[in-house]
Amino acid sequence: MLTRCARALTAVVLGGAIGLGLTTQVQAQTQAQNQAKYPSHPVTMVVGYAAGGATDIVARLLAKSLTQELGQTFVVENRTGANSNIGAETVTRAAPDGYTLYVGSIANTINMTLYSKLNYDVNKDFAPVGMMASVPNILVVNPKVPINTVKEYIAYAKAHPGKLTCASSGSGSSIHLSCELFKMETGTDILHVPYRGSGPAVADLLGGQVDSMFDNMPSSLPHVRAGKLRALGVTSQQRVAFAPDVPTLAESGLPGFSVESWFGLMAPAATPPAVIERLNMALNKALKDPELRAVYEKSGFVLPPADNSPRAFGSFVAAETAKWAKVVKTANLKAE
């Protein structure tokens with residue numbers, strides 16, 4: 001038989017356990033209710049680049065659409081520096097509640113190998129929501145160069161090793177890595193010429209100081225249409241609607257070649273699945289809006305693939321990380 005003190009102690013322990021269980025249950029119910037109401041206040045979308053660039057433009061377009069879809073304001077915040085790494089790190093430290101999101105890009109998968117030390121892992125520290133858009137690169141040459149096709153470009157490079165020049169917006173950029181991947185897959189020796197931004201690189205390409213460039217399509221396409229640059233091929237898997245006469249590199253003798261400067265929505269890793277699903281549904285609904293699609297086509301952005309689920313986007317990011325790790329290591333590249 002229990003003593004009076006023992007019975008009292010048992011009652012206290014049982015009461016505490018019941019109280020703890022009720023508290024946990026209430027917390028779980030509150031959390032579920034909060035998730036069901038998501039979003040109940042403004043959401044911040046962090047962009048790792050300055051305002052006006054492609055990542056920022058896509059972010060602001062979708063922020064407007066998500067605001068309309070979910071009834072709360074989505075605000076774009078630019079956290080620049082270290083090739084978007086500062087912005088990425090900011091989001092990984094945020095509360096995983098869906099109110100601080102990150103607009104990731106191809107740079108984050110390249111940076112995984114390009115930088116010897118990062119304070120985040122794009123595949124482990126983020127929960128993928130979905131792809132927002134992509135921008136194919138386009139292989140262009142100065143019209144004075146005696147090259148009209150991708151096959152001729154490869155033949156010329158092999159006949160003149162180290163002579164053919166390829167400009168980029170900077171070492172480690174998707175424009176640069178497109179050239180490195182091309183060299184790796186074709187066994188060619190092409191001289192990379194880095195610039196501080198795409199603008200100066202295109203200017204020298206137009207002036208004939210450099211021969212070629214795997215430029216982002218929106219910045220070079222106007223020059224192609226004006227006859228100031230010659231387009232050889234696009235790096236997307238399929239031809240693009242706004243340049244249907246330009247073949248892909250894949251159909252030009254490089255099967256499987258694919259490079260697209262993509263942009264995708266991500267959240268801190270521990271964000272509740274219900275919140276991720278709600279964001280994904282709103283994102284995909286926004287991407288079906290005819291007005292947004294018209295803006296995309298006019299600006300040179302490509303819509304995501306049909307399967308734009310969090311799982312599909314996560315698999316894509318993992319594949320991109322592995323692909324660019326191979327290219328960065330083969331080219332022996334390091335962040336400057």
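Above this text you will find the structure in question.
Residues numbered from 1 in each chain as written. Predicted model: local features only at pLDDT ≥ 70, side-chain atom pairs only at ≥ 80, totals over all residues. Heavy atoms only, no water.

Q: Honestly, the pattern of salt bridges in this entry has me stumped. Any pointers?
A: Pairing between side chains of opposite charge can happen when the charged atoms of each approach one another. Within the structure shown, the criterion is met by six salt bridges. For the salt bridge of Asp-56 with Arg-60, the shortest nitrogen-to-oxygen distance reads 3.0 Å. On the criterion of helical spacing, the pair formed by Asp-56 and Arg-60 is a turn pair, its members being four residues apart in helix α2 (residues 54-70). Asp-56 gets classed as buried once you look at its relative accessible area, which sits at 3%. Arg-60 sits in the partly exposed class, given a relative accessible area of 39%. Where Glu-180 meets Lys-183, a salt bridge forms, and the shortest distance between an N and an O atom there is 3.4 Å. With a gap of three residues between them, Glu-180 and Lys-183 both fall in helix α6 (residues 174-186), about one helical turn apart. (Salt bridge = Lys/Arg side-chain N within 4 Å of Asp/Glu carboxyl O. Helix = DSSP H or I, 4+ residues; strand = E, 2+ residues; numbered from the N terminus. Buried < 20%, exposed > 50% of the residue type's maximum accessible area, 1.4 Å probe, protein only.)

Q: For this particular structure, what's the right way to read the layout of surface pockets?
A: Take a probe with the size of a water molecule and roll it over the atoms, and the empty space left behind shows itself. Taken as a whole, the largest pocket encloses approximately 1000 Å³ of empty space. What lines the largest pocket is a set of 42 residues, among which Tyr-49, Asn-83, Ser-169, Ser-173 and Ser-174 lie closest to the centre. Looking at the lining of the largest pocket, the elements with two or more residues in it are α2, α4 (106-114), α6, β7 (212-216), α8 (217-225) and β9 (260-268). Tallying contributions element by element places α4 first for the lining of the largest pocket, with four residues. Looking at side-chain class alone, the lining of the largest pocket contains 20 nonpolar, 18 polar and four charged residues. (1 Å grid on protein atoms, 1.4 Å probe; cavity = no way out; pocket = protein on both sides within 12 Å on 5 of 7 lines; lining within 4 Å. Points joined across faces, edges and corners; volume = space filled by probe spheres on them. Nonpolar A, V, L, I, M, F, W, Y, C, P; charged D, E, K, R; others polar.)

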